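Residue-level structure breakdown
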Amino acid sequence: MSSLTPANPLVLTIGDLQGNLRRLRKERFMHVLLFGSAALSIGISILIVFTLFREAWVFLSGLIEQSGLGALIDGGARPGWYPRDGRFDLPTIVLGTIIVSGISVVVAAPLGLGAAIYLSEYAKPRTRSWLKPILEVLAGVPSVVFGFFALRVLGPDLIQPLFGTRTPTSLLVTGVAIGILVTPLMASISEDALGAVPRALREASFGIGARRSTTVVKVVLPAAVSGIVAALIVSVSRAIGETMVAALASGALGQAPRTVNPTDTGLTMTAAMAQLAQGSDQVVGDTLAFQSLFFVGAVLFLMTLALNLVADRIVERVRNQY
Amino acid sequence: MALTLNAQRSSAEAVRASLTGGKRDVRGMLFMAALLACLLLAMLTLIVLLWDVVAQAIPVFDKRGTSFLTGELGSNPDKVGVSQGIWGSLMIALFVVVIAFPVGIAAGVYLQEYAKPTKLTRFIQLNIRNLAGVPSVVYGILGLIVFVQGLEWVTGGRSVIAAGITLALLVLPIIIITTAESVRAVPAGIREAGMGVGATRWETTRDHVLPYAAPGVLTGTMLATARALGEAAPLLLIGAITGRLASAPGQSIVERMQGKFTAMPIVIYGWSNEVNKPGKKTGLTFEDLNAAAIVVLLAVVLLLNALAIVMRNRFEKGRQG
């Protein structure tokens, strides 16, 4: 502005177009700062991958030295996960995780999807405006609280008398509790998927005389199917990674024989990790048993990462579709 | 008015009756009842469980009063309390506020206001969505290796500092995603007006975009804090104390932060594994005490959640109207 003097009214210098240097410097500084914050997330990912796989490698190389990689699949008569005895049978805890997350999906999928269909297709706006917030608030109940419920109420008072399990804690109890835990998540993502189905599809269906139930089953659900699949995958991924319920309600304490029976006590990968860490006060760091924690963590990380990437791809495709 | 409404309704009924042949749609109604049952079952299970816990916790507050909130961890159910758990959880919340809030909001603003749609930006976005799905127990490994062992000279090892930083990283993606979403909802006109009068992008963001998006951003930060307060698995790996924890008198705040610690969810985990022998004086078992500890934790976590959700709904409604 300084050169816009009356004597010389039409001449602009470079300085005028440069703007206020102090403000520009600040702008550049903030840009770098904000970018740094966003890039930090990549740093966290690198750190996670690096620590997990370095420590997992320490475990694997230790295991190769001690008994060979074959020890990861116990071929003996009574295979099981006994880290204190140097027996690391991976199928034991992977099967435990698959059983638990399978049961939790059987519980969460119908409940969550049913709730989502009701909220999205049937509930009047006013009913929805108070039902949905309650569901969302309930989704915030911490998982350790579910662990307590499973251990003290669900197991002894419901599952044990109903299924006649031998112990009040079992893989079944854990699965059902995690199922209830992920139901709000399943409901919320499926509801988003149903909400993304264009109104015109429903109106076309009503217009040719279809009932609401027919419209839901034959038109809305098929149109939203990929979003619902994504909701299922996210729920499974969440169930696989759920730790506190599994550590409290599965019944085994740090070691378990291999089992495929959900009414048995057992171990999931997460429960095995939590209990290894908890018993580690005396043996901090360097024993092979403690190192197995990182190996299990790395396997768990890869499983959930694969599921999340698939779900992410599906959600992205749905977003582009409508 | 009432007459036309009635006429409308009866004509709608007449049309429906002629379409369905006057029969009631029994299967349709059963279908709807089944859906409603799913919703109610999901909600009622949770509500009944919560009610159960509150009922079990009332005698504890009755008999113990504030001594339950000021007592320390131990093995005598007549004396133990949750003061150390509350302290640990407050410290963790402090770390979330100090680390995760500014970094998360800055990253969310960057992705929405500054980033050009390059490959790097898309990779950062994908990376953040994936970080949000990493199981919390894996963050515990990160905390154990990097903050407990790697940075022991700062954190003092298995301390609340290591726990706080770990949980701050854990909730970072939540804050980034909600911030980016609420900044995206700011009308373009607000930015254009700001830049049109010569403000730089940062000035526009600071003075116009962020204040407009503030309710949404605040919602995200509250959800994130609630999540951090309820998270137990990473703390187990970092080495929070589940059993007895005697606090040394005369510690400075730094010494206490670098020392052994516990937090509310860990107290609940520890007491869940305790033997259920009633205390001699009060007759309270660890299960009763645990119900009371859960009530203390839930009161804070659910209140934060409820506030966040009510605020978000208000905000959305206000903007539409």
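As the structure is a prediction and not an experimental result, all values here were calculated from the model.

A few words now on empty space enclosed by the protein. All names here are of chain A. Summed over all chains, the structure comprises two cavities of 30 Å³ or more. As for the largest cavity, its lining consists of Thr97, Val100, Ser101, Ile178, Ala239, Ile240, Glu242, Ala246, Thr268 and Thr270. For the lining of the largest cavity, the secondary structure elements donating two or more residues are α3 (90-122) and α9 (225-241). Take the lining of the largest cavity: its biggest share by element is three residues, from α3. Tallied by class, residues from the lining of the largest cavity come to five nonpolar, four polar and one charged. Computed from the structure, the second largest cavity encloses a volume of approximately 30 Å³. Lining of the second largest cavity is provided by Thr92, Gly96, Leu171, Pro257, Thr259, Gly266 and Leu267. Counted by class, the lining of the second largest cavity contains three nonpolar, four polar and no charged residues.

This part covers a positive patch on the surface. Taken together, the side chains of A:Arg22, A:Arg25, A:Lys26 and A:Arg28 define a basic patch exposed on the protein surface. With respect to the element layout, A:Arg28 can be found in helix α2 (residues 21-66).

Take the environment of A:Lys132 next. Residue and element names in this part refer to chain A. You can see lysine 132 is positioned in helix α4 (residues 125-138). Accessibility expressed as a relative area gives 17% for lysine 132, which makes it buried. Sequence-distant contacts of lysine 132, that is, excluding residues within four places in its chain, are made with Leu119 and Glu191. For lysine 132, the side chain forms a polar contact with the side chain of glutamate 191, separated by 3.1 Å.

Contacts between the two partners involve 79 residues from chain A and, on the opposite side, 82 residues from chain B. For the pair chain A and chain B, the summed buried area comes to about 7200 Å², and 75% of that belongs to carbon and sulfur atoms. Broken down residue by residue, the surface that chain A buries against chain B is led by A:Leu34, A:Phe148 and A:Arg152, which jointly contribute 9%. Applying the counting criterion to the chain A and chain B interface returns four salt bridges. With a shortest N-O distance of 3.6 Å, B:Glu287 and A:Arg152 are connected by a salt bridge. For the pair chain A and chain B, the interface holds 12 residue pairs in polar contact (both at pLDDT 80 or more). In terms of residue count, α2(A) provides more of the side of chain A that touches chain B than any other element does, 21 residues in total.

Quick look at the packing of aromatic side chains now. All told, the structure shown has 13 aromatic pairs over all chains when counted by the stated rule. Look at A:Tyr118 and A:Tyr122: their rings are 6.3 Å apart centre to centre, the planes differ by 10°, and that puts the pair in the stacked class. Here A:Tyr122 and A:Tyr118 lie together in helix α3, a separation of four residues that amounts to about one turn. Both residues of the pair, A:Tyr118 and A:Tyr122, count as buried. Feature note: the residues A:Phe59, A:Trp81, A:Phe88 and A:Phe295 constitute an aromatic cluster, connected by ring pairs. Taking the ring centre of B:Tyr114 as reference, the NZ or CZ of B:Arg201 above it sits at 6.0 Å. When the ring centre of B:Trp87 is taken as reference, the NZ or CZ atom of B:Arg256 above it lies at 4.0 Å.

The rules behind the values
Residues numbered from 1 in each chain as written. Chains lettered and ligands numbered in written order. Predicted model: local features only at pLDDT ≥ 70, side-chain atom pairs only at ≥ 80, totals over all residues. Heavy atoms only, no water. 1 Å grid on protein atoms, 1.4 Å probe; cavity = no way out; pocket = protein on both sides within 12 Å on 5 of 7 lines; lining within 4 Å. Points joined across faces, edges and corners; volume = space filled by probe spheres on them. Helix = DSSP H or I, 4+ residues; strand = E, 2+ residues; numbered from the N terminus. Nonpolar A, V, L, I, M, F, W, Y, C, P; charged D, E, K, R; others polar. Patch = residues over 30% accessible without salt bridge, like charges linked within 9 Å, V, L, I, M, F, W, Y side chains within 5 Å. Areas by Shrake-Rupley, 256 points an atom, 1.4 Å probe, with all protein chains shown as cover. Salt bridge = Lys/Arg side-chain N within 4 Å of Asp/Glu carboxyl O. Lys, Arg positive; Asp, Glu negative; His and termini not counted. Charge placed at Lys NZ, Arg CZ, Asp CG, Glu CD. Buried < 20%, exposed > 50% of the residue type's maximum accessible area, 1.4 Å probe, protein only. Contact = heavy atoms within 4.5 Å. Polar contact = N/O pair within 3.5 Å; in protein donor to acceptor, adjacent residues only side chain to side chain. Buried area = accessible area lost by both parts, 1.4 Å probe. Phe/Tyr/Trp six-rings, centres within 6.5 Å; stacked < 30°, edge-to-face > 60°. Lys NZ or Arg CZ within 6 Å of the ring centre and 35° of its normal.

Any functional reading would require information that these geometric values do not contain.
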